[in-house]
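Summary of structural features
Here is what each chain is made of, one letter per residue.
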Amino acid sequence: MTKLLLTAICTSVLFACSDNDNKLPEVTPPPPAPEPETSDPFVRVTHASPDAPLVNVMANRAILADLEAVDYQTSSGWISVPADTYSVQVDALLPANASSTVIDASLILQNDKTYDVVAIGATANIAPLVIENDLSEVTPGNVRLQVVHAAPAAPLVDVYVTAPGDDLSAAQPVATAAFMEYTGQVEVPAGDYQIRITTAGTNTLVYDSGTLSLTAGADLMVFATENVGAGDSPVTLLVADGSASSLLWDEATGANLRVVHGVANGPSVDVIANNEVVLVEAVPFTAATDYLSVTEGDYLIDVAANNNGVVVVDDASASLAIGQSYTAIANNVLSDVGLDIVMDNPRRIATAAQVRIFHASPGAGDVDIYVTTDGDIDNADPAFSSVPFTTPMLTETGYVQLAAGDYFVTVTAAGTKDAAIETGQLSLQAGSIYTAIAVDAERGGLPPQLILMDDY
């Protein structure tokens, strides 16, 4: 195991330890040693379970190559290990720093082979998928592709890799695959391509990459994973190139944006993009809109009073990335309105409820936030202490995972036990997301109140 860890560490840092400034005398180097007849196997690990939490990956009961807290739709680089039999374990990270083993399998690794080890399927049926290939170079001038159907909710599909704009009715799919099936390795000349996925036997598109430029020498493993981001496509492609991985969204995906009015003494507002496109109008205080689908890109955002058109936020910059979801929160007071545009994580996990709280009440000052099972905070420590009000960027808890059950959230002035907000009993469900924004009372000041969103 020591050899495994040392090899993985050397691989991951790319021999960065060789940057010593000392200089050796120039000498004639010896002739190169002959190439070894065999190579150690290579392993790549992928998290493809759409509702599973972060995971740790272990080999022979030790963390493999720093693969801790690995998120969904992530692949490692290639990890070189000695040929041997390994106990491979995947541990799901649970609330309260607990964990649970979801995969425990024995894996025989042979020289001159590569192994893709994929945690696949919904959490209730998660399983390891192992894809073995011979270790070989890509033919010069070519790109090598292998495609895996890794989306548990998607049906039998046809996968097409064509020249951009080719008529699908005249094309042949490179594969027809059900969940957990995969193609062999296919080489094509480097150049521009279009990847499209249809329901099997039809031209009904469920995914369209648009035009892609594939570079000579690229050796790509392509996973069709369940889409947990923006857009209507049920799948997003996860592309692993041997050193890292990235997401390839359907070309029509765009981004999601919703708006929250948290300015207590402000009128209903309109939100305008690039000084011309009205995204939402007449949003009253404490209201939260549904997500709007917008084109990804850079925006200038104005917030204007609906009753007289006076602009209270002028040309706030926002950069919205493809596939991502955002909440724009108008905050503070009317004389100094701030706009905080935060990235959301709409992916639900089967093992926990996810709770996120924002402090957007300028009248409340610093606060303590308690999360208890009975509502009694007399002898409890706050889950979050001395949380300040800040603007335009609000202070928040981030997504906190809680085991399913009944909870009470209590907000007090910092350092006191005097409740400013008491939610009463909240029954939180695993697989749900709960967002709360503390704002001032109507027309400003205390007592504060909560704007409840998502699964509240």
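These lines cover the structure that appears in this document, whether it is placed above or below. Worth saying up front: this structure is predicted, and the values here are computed from it rather than measured.

**Brief notes about the overall build of the chain**
Looking only at helices and strands, the chain features 1 helix and 35 strands. Projected onto its principal axes, the C-alpha coordinates of the chain cover approximately 80 × 55 × 55 Å. Out of the 456 residues in the chain, the part that is buried amounts to 45%. Taking the contacts inside the chain whose residues are at least 6 apart along the sequence as the reference set, 62% of them involve residues at least 24 apart. Accessible surface for the chain amounts to roughly 21600 Å². Of this, 52% is attributable to carbon and sulfur atoms. The average position of the 13 basic charges and that of the 57 acidic charges among the side chains of the chain differ by 6 Å.

**Some remarks on the pattern of salt bridges**
Under the defined criterion, the tally for this structure stands at 11 salt bridges. Measuring nitrogen to oxygen at the nearest pair gives 2.6 Å for the salt bridge that ties Arg 44 to Asp 116. Of this pair, Arg 44 sits in strand E1 (residues 42-48) while Asp 116 sits in strand E8 (residues 113-120), placing them 72 residues apart in sequence. For Asp 116, a relative accessible area of 1% gives the class buried. Three or more residues are tied together by salt bridges with common partners; here these are Arg 258, Asp 344, Arg 356, Glu 396 and Asp 454.

**A short note on the side chain of Ser 432**
Structurally, Ser 432 can be placed in the loop between strand E33 (419-428) and strand E34 (433-439). Not counting residues within four places of it along the chain, the set of residues in contact with Ser 432 comprises Arg 348, Ala 352, Ala 353, Gln 354 and Asp 455.

**Examining the sheet that holds strand E14 (residues 191-199)**
Pairing is antiparallel in the open sheet, where 4 strands are placed in the order E12-E11-E14-E15. Looking along the sheet, the strands with just one partner apiece sit at the ends: strand E12 (175-177) and strand E15 (205-214). Across the sheet, the mean angle from the axis of one strand to that of its neighbour is 15°, orientation sign disregarded. As paired strands, E14 and E15 are joined by 7 bridges and run antiparallel to one another. Paired with Asp 192 across the strands is Ser 213, a residue of E15.

**A look at the sheet that holds strand E23 (residues 297-305)**
Reading across from one edge, E21-E20-E23-E24 is the order of the 4 strands in this open sheet, with antiparallel pairing throughout. The open sheet has two edge strands with one neighbour each: strand E21 (277-283) and strand E24 (311-320). Strand-to-strand, the axes of this sheet are offset by a mean angle of 20°, without reference to chain direction. With 5 bridges connecting them, strand E20 (residues 269-273) and E23 associate as antiparallel partners. Bridge pairing links Asp 270 to Ala 304 in E23.

**Structural notes on the environment of Ser 75**
Looking at the secondary structure, you find Ser 75 in strand E4 (residues 74-75). Exposure remark for Ser 75: the relative accessible area of 6% places this residue in the buried category. Linking Ser 75 and Val 117, residues 42 residues apart in sequence, is a C-alpha distance of 9.6 Å. The contact partners of Ser 75, leaving out residues within four places of it in the chain, are Val 45, Thr 46, Phe 223, Leu 238, Ala 240, Ala 244 and Ser 245. Within the structure, Ser 75 has its side chain in polar contact with the side chain of Thr 46 (distance 2.7 Å).

**So, the pairing of strand E17 (residues 235-240)**
Burial analysis of E17 places 6 of its 6 residues in the buried class, which makes it a mostly covered element. Burial along E17 is two-sided: the face carrying Val 235, Leu 237 and Val 239 and the face carrying Thr 236, Leu 238 and Ala 240 are both buried. In this structure, strand E16 (residues 219-226) lies alongside E17, joined through 6 bridges in antiparallel fashion. In the strand pairing of E17, Phe 223 is matched with Leu 238. Pairing between E17 and strand E18 (residues 245-248): 4 bridges, direction antiparallel. Following the sheet pairing, Leu 238 is matched in E18 by Leu 247.

**Focus on unusual backbone geometry**
A cis amide bond, omega 0°, links Thr 391 with the succeeding residue Pro 392. Residue placement: Pro 392 occurs in the loop between strand E29 (384-387) and strand E30 (395-396). Omega for the bond connecting Leu 446 with Pro 447 falls within 30 degrees of zero, at 0°, which places this linkage in the cis form. Mapped onto the fold, Pro 447 is located in the loop between E34 and strand E35 (449-454). Positive phi is not limited to glycine here, since Asn 60 has a value of about 50°. On the secondary structure map, Asn 60 appears in the loop between strand E2 (55-59) and strand E3 (62-63). Not every positive phi belongs to a glycine, and Asn 275 is a case in point at roughly 65°. Residue position: Asn 275 is located in the loop between E20 and E21.

**Re the side chain of Asn 227**
Among the secondary structure elements, Asn 227 is positioned in the loop between E16 and E17. Among the polar contacts listed, one links the side chain of Asn 227 to the backbone nitrogen of Gly 229, at a separation of 2.9 Å. If near-sequence neighbours (up to four positions away) are discounted, Asn 227 is found in contact with Ser 233, Pro 234, Val 235, Thr 236 and Trp 249.

**Here we look at the packing of aromatic side chains**
Scanning all chains against the criterion turns up 1 aromatic pair. Where Tyr 434 meets Tyr 456, the ring centres are 5.0 Å apart and the plane angle is 55°; that geometry is what we call tilted. Here Tyr 434, found in strand E34, pairs with Tyr 456, found in the segment after E35; they are 22 residues apart in sequence, far enough to count as distant. A cation over an aromatic ring shows up here: Arg 44 above the ring of Trp 78, its NZ or CZ 4.0 Å from the ring centre.

What counts and how
Residues numbered from 1 in each chain as written. Predicted model: local features only at pLDDT ≥ 70, side-chain atom pairs only at ≥ 80, totals over all residues. Heavy atoms only, no water. Helix = DSSP H or I, 4+ residues; strand = E, 2+ residues; numbered from the N terminus. Buried < 20%, exposed > 50% of the residue type's maximum accessible area, 1.4 Å probe, protein only. Contact = heavy atoms within 4.5 Å. Areas by Shrake-Rupley, 256 points an atom, 1.4 Å probe, with all protein chains shown as cover. Lys, Arg positive; Asp, Glu negative; His and termini not counted. Charge placed at Lys NZ, Arg CZ, Asp CG, Glu CD. Salt bridge = Lys/Arg side-chain N within 4 Å of Asp/Glu carboxyl O. Pairing = 2+ DSSP bridges. Axes fitted to C-alpha atoms, helices over the stretch in contact; angles between N-to-C directions. Polar contact = N/O pair within 3.5 Å; in protein donor to acceptor, adjacent residues only side chain to side chain. Phe/Tyr/Trp six-rings, centres within 6.5 Å; stacked < 30°, edge-to-face > 60°. Lys NZ or Arg CZ within 6 Å of the ring centre and 35° of its normal.

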